[in-house]
Amino acid sequence: MISHSMIFQDYVFYSLAIILLFAGLRVITARNPVHAALFLVLAFFTAAGIWLLLEAEFLAIALVLVYVGAVMVLFLFVVMMLDINLDKLREGFWDYLPMAGFIGVLMAAEMVMILGTKHFGLARISAPKAHAADYSNTAELGRVLYTDYLMPFELAAVVLLVAIVAAIALTLRDRKDSKFINPADQVRVKRADRIRMVSMPAEVEVPAVETEKAKS
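Keep in mind the model is a prediction, meaning the values are calculated, not measured.

Quick look at the overall build of the protein chain now. The secondary structure content of the protein chain amounts to eleven helices and zero strands. For the protein chain, the α and β elements follow one another from N to C terminus as α-α-α-α-α-α-α-α-α-α-α. Taken across its 216 residues, the protein chain has 12% of its residues classed as buried. In the protein chain, the share of contacts with a sequence separation of at least 24, taken over all contacts with a separation of at least 6, comes to 56%. Carbon and sulfur atoms provide 69% of the accessible area of the protein chain, an area that totals close to 19,100 Å².

Here it is, written out as structure tokens:
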């Protein structure tokens, strides 16, 4: 038997899913970049609601606090502060549309093949298991992340670190006032190029008392 609470959760899920799809489409179809960023905020909120239905409270609150509260606010400030030439951005749109459409259809087909009924059919849907009173979603997420998925987590961290370093290097590469260092020149350097022995006469510091006597 299907309880009334499950039926209500189904209605909430489909409502949030429809809003999420609409917001995602408006992100890529809105002509105003500020409106696109606001629709992305709406998409984040609805995604957080879906994660709450999946009992992933930590991920939901992290999505709202990190992405909506920090990243999207930064995006909005950058978009509103920059003088974006929309006409220049739209140049060549129709030239890239066939290739972009082909890639989009290919990605959609791959998602349907992976998320189809073979792996996520109705036969696999069952009632969620009841958790204990001391169950913590955050603790369970940390346990799984640092045990079963430790290697992918560390690889993702390395990839993000390399991306940050590469972004900084590409940004400062062509600037005239940047202090660019070539690692190859650092490796080829010799001690004679860095150290120079200079002969200097010794300086003797005279105490202040003797200086006063000499003046008197």
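Here we come to the packing of aromatic side chains. Within the structure shown, the criterion is met by four aromatic pairs. A ring pair is formed by F44 and Y67, whose centres lie 5.4 Å apart and whose planes are at 50 degrees; its orientation type is tilted. Taken together, the residues F44 in helix α2 (residues 33–53) and Y67 in helix α3 (residues 57–81) connect sequence positions 23 residues apart. For Y67, a relative accessible area of 41% corresponds to the partly exposed category.

Attention now goes to the nonpolar core. Counting residues in hydrophobic clusters, the biggest one holds ten residues: A37, V41, F44, A47, A48, A60, L63, V68, M72 and L76. When residues no more than four places from it in sequence are discounted, the contact partners of A60 are A48, W51 and L52.

Put simply, α2 and α3 touch, their axes get as near as 9 Å, and they point 175 degrees apart. When the axes of α2 and α3 are compared, the pair comes out roughly antiparallel. Here P33, V34, A37, L38, L40, V41, F44, F45, A47, A48, W51 and L52 of α2 come into contact with α3, specifically with E57, L59, A60, L63, V64, Y67, V68, M72, L76, V79 and M80. Its residues placed into classes, the contact of α2 with α3 shows 22 nonpolar, no polar and one charged.

Under the local residue numbering, the UniProt record ascribes the feature "transmembrane region" (unreviewed entry) to residues 12–29, 36–54, 60–84, 96–116 and 149–172. Each end of residues 36–54 is marked by a C-alpha atom, and these two atoms are 27 Å apart; helix forms 95% of the span and strand 0%. Across residues 96–116, the secondary structure splits into 90% helix and 0% strand, with the terminal C-alpha atoms separated by 30 Å.

On to a nonpolar patch on the surface. Nonpolar side chains collect at one region of the surface, where W51, L54, F58, L59, I61, L65, V66 and Y67 lie side by side and expose about 750 Å² of accessible area between them. If one sorts the elements of the nonpolar patch by residue count, α3 sits on top with six residues. Among the secondary structure elements, V66 is positioned in helix α3. On the basis of relative accessible area, V66 is assigned to the partly exposed category, the value being 44%.

Quick notes on the rules
- Residues numbered from 1 in each chain as written.
- Predicted model: local features only at pLDDT ≥ 70, side-chain atom pairs only at ≥ 80, totals over all residues.
- Heavy atoms only, no water.
- Helix = DSSP H or I, 4+ residues; strand = E, 2+ residues; numbered from the N terminus.
- Buried < 20%, exposed > 50% of the residue type's maximum accessible area, 1.4 Å probe, protein only.
- Contact = heavy atoms within 4.5 Å.
- Areas by Shrake-Rupley, 256 points an atom, 1.4 Å probe, with all protein chains shown as cover.
- Phe/Tyr/Trp six-rings, centres within 6.5 Å; stacked < 30°, edge-to-face > 60°.
- Core = buried A, V, L, I, M, F, W, Y, C linked by side-chain atoms within 4.5 Å.
- Axes fitted to C-alpha atoms, helices over the stretch in contact; angles between N-to-C directions.
- Parallel < 35°, antiparallel > 145°, perpendicular 65-115°, else oblique.
- Nonpolar A, V, L, I, M, F, W, Y, C, P; charged D, E, K, R; others polar.
- UniProt positions renumbered as here; feature names shortened; annotations may be inferred.
- Patch = residues over 30% accessible without salt bridge, like charges linked within 9 Å, V, L, I, M, F, W, Y side chains within 5 Å.
- Salt bridge = Lys/Arg side-chain N within 4 Å of Asp/Glu carboxyl O.

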